[in-house]
Amino acid sequence: MKNLCYRVAAWAVVVSALLSEVAQAQDEPKSQTMAIVALSGYDAIIADLAFIGKLVEQPGLPQMAEGGLAVVTGGRGLAGVDKSKPWGAVVQAKGTEFEPLIFIPVEDLNAIMTTVGAAMGSKPAPNDEGIYTIPLGLMSLFVKEQEGWAYLARNADMLAELPADPTEQLDGLQKDYDIGVRLFVQHIDPAYRQIAIQQMKQALESGIERLPEESDEDFEMRKRLALNSMKQMEMFFNETDHVTVGWHIDSEQQATHLDMTIVAVEGTRMAAQVEQLANTKTEHAGFLLPEAALTMNFTSQAGSPEDVQQAVDMIEGVRKQAMKAIDEDSDLPDDATREAVKSALGDLIDVGIATIKEGKFDGGAAARLEPEALTFVAGGHVASGPDLEQAFKKVVALIEKEADEAEIKWDVDEHEGVRFHQLTIANEDEDAQKLLGEKLNVVLGIGEKSFFVSVGRNALETLIEVLDDSKEAGAKKVPPMQMVVSIGKLLAFAASLDDNPALAAAAEAAASAEGNDHLRVTVTPVELGAKYRFQIEQGVLKAIGAAAARQNQ
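Note that the structure is a prediction, hence the values are computed from the model and not measured. (Residues numbered from 1 in each chain as written. Predicted model: local features only at pLDDT ≥ 70, side-chain atom pairs only at ≥ 80, totals over all residues. Heavy atoms only, no water.)

Peer 1: Any chance you could explain the overall build of the protein chain here in plain terms?
Peer 2: Counting its secondary structure elements, the protein chain contains 16 helices and 21 strands. When its C-alpha atoms are laid out on the principal axes, the protein chain stretches across 105 × 80 × 50 Å. With 553 residues in all, the protein chain has 41% of them scored as buried. Within the protein chain, counting contacts between residues at least 6 apart in sequence, those at least 24 apart form 64% of the total. When the accessible surface of the protein chain is totalled, it reaches about 29900 Å², and 55% of it is carbon and sulfur. (Helix = DSSP H or I, 4+ residues; strand = E, 2+ residues; numbered from the N terminus. Buried < 20%, exposed > 50% of the residue type's maximum accessible area, 1.4 Å probe, protein only. Contact = heavy atoms within 4.5 Å. Areas by Shrake-Rupley, 256 points an atom, 1.4 Å probe, with all protein chains shown as cover.)

Written as structure tokens, this is what we have:
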């Protein structure tokens, strides 16, 4: 019996030890990819620099880059590097520790070490495992070659097991961008994420200290808005899966673009928000006017009730600040005018809040620039067109009271269920008269669930064109947001008003791109996220180069 007890005790000790080891293994954080950095390759980047240099009238740009590299490397350049393949880096996170692994394609690592040795004063030599040690102050960099790739790490243990093809770890970034970075937010240790959140909270909290003579109501509203901002930041850190930023020069499309893509963690509130960006349609596609200098369209649906309430709180905060500013405005002649201004503004804000609560956002804007003529039109969906019309009538009454030569004509026309009102105001500015005429012509369009405003020489005609084009297009699928600016038209318009040689040169250069002269900003949905793109076409780059060259003459 005694021996049995000893055996049981012995087995208990062994089992306890094994369980302890298992528990420790389970508690030990796993290694995860925290960040990826990708470069398309030396040759690709030099070719893109040549493309950019040609457009901006700097054909020697690649030679300048290579010359700078030669200075840094003592005239050796990138001897030994395979310039045809991409470069990359992967940062592995393990708990609060992280280890970067850099990889560079090589043809002759010995040649690279000769360049490094020239800079250091002595050439590094490999150890028995083929690892080079490069001292860098208080730390060292370890380098090892395998299958035509040189791997660099600050920890020699990272070089024990290396992939045959490291580019497989880049998630295709090297193909999509000249330079791309992807950060996996959820792989950052929660402690670090919490530190970042706390620092941002402290920065916000420091800005919401009570101001002298600030009322309790105003202070509470401002504090609520700040807390909403904190919640948004906290949601970003806790519910974002990954963020990608990439820059690409596309010589075939004659353009360059910068992307930022944000992807949410599945099943989160943030994922539900971005889901609203999928399959967006607009009933106002007419704002995408052909040949316009600027077009813009936006469409989306409201998010959760909490998101709607946050937006309403923000607008209510703006209302309180605006009303207070009106009360303190000494330029208003009397209390009756002050109350009329507050009433008109209050009605406009009420319609805005009702539209937010309704949850449908759909509208756009466009501008046409012809020689010495400007026409701008904007508008979209509202919760109640008639309520907005009543607010406009209050605004117009104030304008008529203050402007002696202001004239309003109600119901001058009707088209596609939209009634038009025309406001005419004397235009005494000589420069503005060149663009808008001796009288400023403003057309208001009010539908049951829509509003429009158009300004300029061809205000009514342009607004009718927008309505007709919108009807013809129907419910058209579009990105959640898109804006296109024709720099060529903008520069040509500016040159018609200002006899500036640099401006004329820029306009001529943009025109030579034959319509490929746009700045484009678009938001497009991706799975569980959205991509924000800023694109510059070749005509814009040509205009920049031509203007700079003329300025330097």
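Peer 1: Explain the environment of Arg 224 here, please?
Peer 2: For Arg 224, the location among the structural elements is in helix 7 (residues 216-239). A relative accessible area of 39% means that Arg 224 is categorised as partly exposed. Distance from Arg 224 to Ser 512, taken between C-alpha atoms, is 53 Å for residues 288 residues apart in sequence.

Peer 1: How should the side chain of His 248 be read in this particular structure?
Peer 2: Structurally, His 248 can be placed in strand 8 (residues 240-250). Since its relative accessible area comes to 18%, His 248 is described here as buried.

Peer 1: It is not clear to me how the packing of helix 9 (residues 305-327) against helix 10 (residues 335-358) should be interpreted in this structure. Could you clarify?
Peer 2: Each pair of packed helices gets described by two things: the angle between the helix axes and the distance between those axes. Running from N to C, helix 9 and helix 10 cross one another at 175°; their axes reach a closest spacing of 10 Å. Our classification of the angle between helix 9 and helix 10 gives roughly antiparallel. Touching Val 308, Ala 311, Val 312, Ile 315, Glu 316, Arg 319, Ala 322, Met 323, Ile 326 and Asp 327 of helix 9 are Arg 338, Val 341, Lys 342, Leu 345, Gly 346, Ile 349, Asp 350, Ile 353, Ile 356 and Lys 357, all from helix 10. Taken together, the residues of the contact of helix 9 with helix 10 break down into 12 nonpolar, one polar and seven charged. (Axes fitted to C-alpha atoms, helices over the stretch in contact; angles between N-to-C directions. Parallel < 35°, antiparallel > 145°, perpendicular 65-115°, else oblique. Nonpolar A, V, L, I, M, F, W, Y, C, P; charged D, E, K, R; others polar.)

Peer 1: How should the pairing of strand 5 (residues 139-146) be read in this particular structure?
Peer 2: Within a regular strand, the side chains alternate between the two sheet faces. As paired strands, strand 4 (residues 131-136) and strand 5 are joined by six bridges and run antiparallel to one another. Considered in strand 5, the bridge of Ile 131 is made with Lys 144. The antiparallel hairpin formed by strand 4 and strand 5 contains two residues in its connecting segment, where Gly 137 sits at a positive phi of about 70°. Examined bridge by bridge, strand 5 and strand 6 (residues 149-153) share five bridges and lie antiparallel to one another. Looking at the pairing, Gln 146 lines up with Trp 149 of strand 6. A loop of two residues connects strand 5 with strand 6, the two strands running antiparallel in sequence, and Glu 147 in this loop sits at a positive phi of about 50°. (Pairing = 2+ DSSP bridges.)

Peer 1: I tried to follow the nonpolar core on my own but got confused; where do I start?
Peer 2: The nonpolar side chains of soluble globular proteins are, as a tendency, buried together. Counting residues in each nonpolar core, the largest one holds 16 residues, and the members touching the most others are Leu 101, Phe 103, Tyr 151 and Leu 159. Contributions of two or more residues to this core are made by strand 1 (31-39), strand 3 (97-105) and strand 6. Ranked by the residues each element gives to this core, the list is headed by strand 6, at three residues. (Core = buried A, V, L, I, M, F, W, Y, C linked by side-chain atoms within 4.5 Å.)

Peer 1: Honestly, the packing of helix 7 against helix 9 in this entry has me stumped. Any pointers?
Peer 2: Orientation of helix 7 relative to helix 9, taken along the N-to-C sense of each, is 145°, at an axis distance of 10 Å. Once helix 7 is placed against helix 9, the crossing between them reads as left-handed. For the pair helix 7 and helix 9, contact is made by Glu 217, Asp 218, Met 221, Arg 224, Leu 225, Asn 228, Lys 231 and Gln 232 and by Glu 306, Asp 307, Gln 310, Asp 313, Met 314, Glu 316, Gly 317, Lys 320, Gln 321 and Lys 324, respectively. (Left-handed = near helix turned anticlockwise from the far one by under 90°.)

Peer 1: What exactly am I supposed to notice about the pattern of salt bridges here?
Peer 2: Oppositely charged side chains can form a pair if their charged atoms are brought close together. Overall, the coordinates contain 18 salt bridges when judged by the stated rule. For Asp 82, the salt bridge goes to Lys 85, with nearest N and O atoms at 4.0 Å. Using a relative accessible area of 10% as the deciding quantity, one classes Asp 82 as buried. A relative accessible area of 34% places Lys 85 in the partly exposed class. (Salt bridge = Lys/Arg side-chain N within 4 Å of Asp/Glu carboxyl O.)

Peer 1: Just checking my understanding: could you explain the pairing of strand 12 (residues 360-370) for this structure?
Peer 2: Where burial is concerned, most of strand 12 is hidden: eight out of the 11 residues are buried. Inspection of the sheet shows strand 11 (residues 294-301) paired to strand 12 by eight bridges, in the antiparallel sense. Residue pairing in the sheet places Met 296 in a bridge with Ala 365 of strand 12. For strand 12 and strand 13 (residues 373-381), the ladder comprises eight bridges, and the chain directions are antiparallel. Across the sheet, Ala 367 pairs through a bridge with Phe 376, a residue of strand 13.

Peer 1: I'm lost on helix 7 in this one. Help?
Peer 2: The periodicity of an α-helix, 3.6 residues per turn, causes residues three or four positions apart to be oriented the same way. Helix length check: helix 7, at 24 residues, gives a terminal C-alpha distance of 34 Å against a target of 34 Å (1.5 Å per residue), a fit within 8%. Turning to helix 7, its buried residues are Asp 218, Phe 219, Met 221, Ala 226, Asn 228, Met 230, Met 235, Phe 237 and Glu 239. Considering only its buried residues, helix 7 is in contact with helix 6 (190-206), strand 8, strand 9 (255-264), helix 8 (269-275) and helix 9. (Expected span 1.5 Å × (residues − 1).)

Peer 1: What am I meant to see in the confidence of the model for the protein chain here?
Peer 2: Caution applies to low-pLDDT regions: their predicted coordinates should not be interpreted in detail. Overall, the prediction assigns the protein chain a mean pLDDT of 83, with 92% of residues at 70 or greater. For the protein chain, per-element mean pLDDT is lowest for helix 1 (residues 2-27), which scores 38, and highest for strand 7 (residues 179-184), which scores 95. (pLDDT = per-residue confidence, 0-100.)

Peer 1: For this particular structure, what's the right way to read the packing of aromatic side chains?
Peer 2: Ring pairs (aromatic) are described by centroid distance and by the angle formed between their planes. If you walk through the whole model with that rule in mind, you get five aromatic pairs. Taking the ring centre of Phe 98 as reference, the NZ or CZ of Arg 154 above it sits at 5.3 Å. Note that Lys 393 overlies the ring of Trp 410, its terminal NZ or CZ placed 5.2 Å from the centroid. (Phe/Tyr/Trp six-rings, centres within 6.5 Å; stacked < 30°, edge-to-face > 60°. Lys NZ or Arg CZ within 6 Å of the ring centre and 35° of its normal.)

Peer 1: When you look at a nonpolar patch on the surface in this model, what are you seeing that I'm missing?
Peer 2: Side chains of Ile 179, Val 245, Trp 247, Leu 258, Met 260, Tyr 532 and Phe 534 sit close together on the surface and give an oily, nonpolar patch of about 590 Å² of accessible area. For the nonpolar patch, the elements supplying multiple residues, two or more each, are strand 8, strand 9 and strand 21 (529-537). For Leu 258, the location among the structural elements is in strand 9. (Patch = residues over 30% accessible without salt bridge, like charges linked within 9 Å, V, L, I, M, F, W, Y side chains within 5 Å.)

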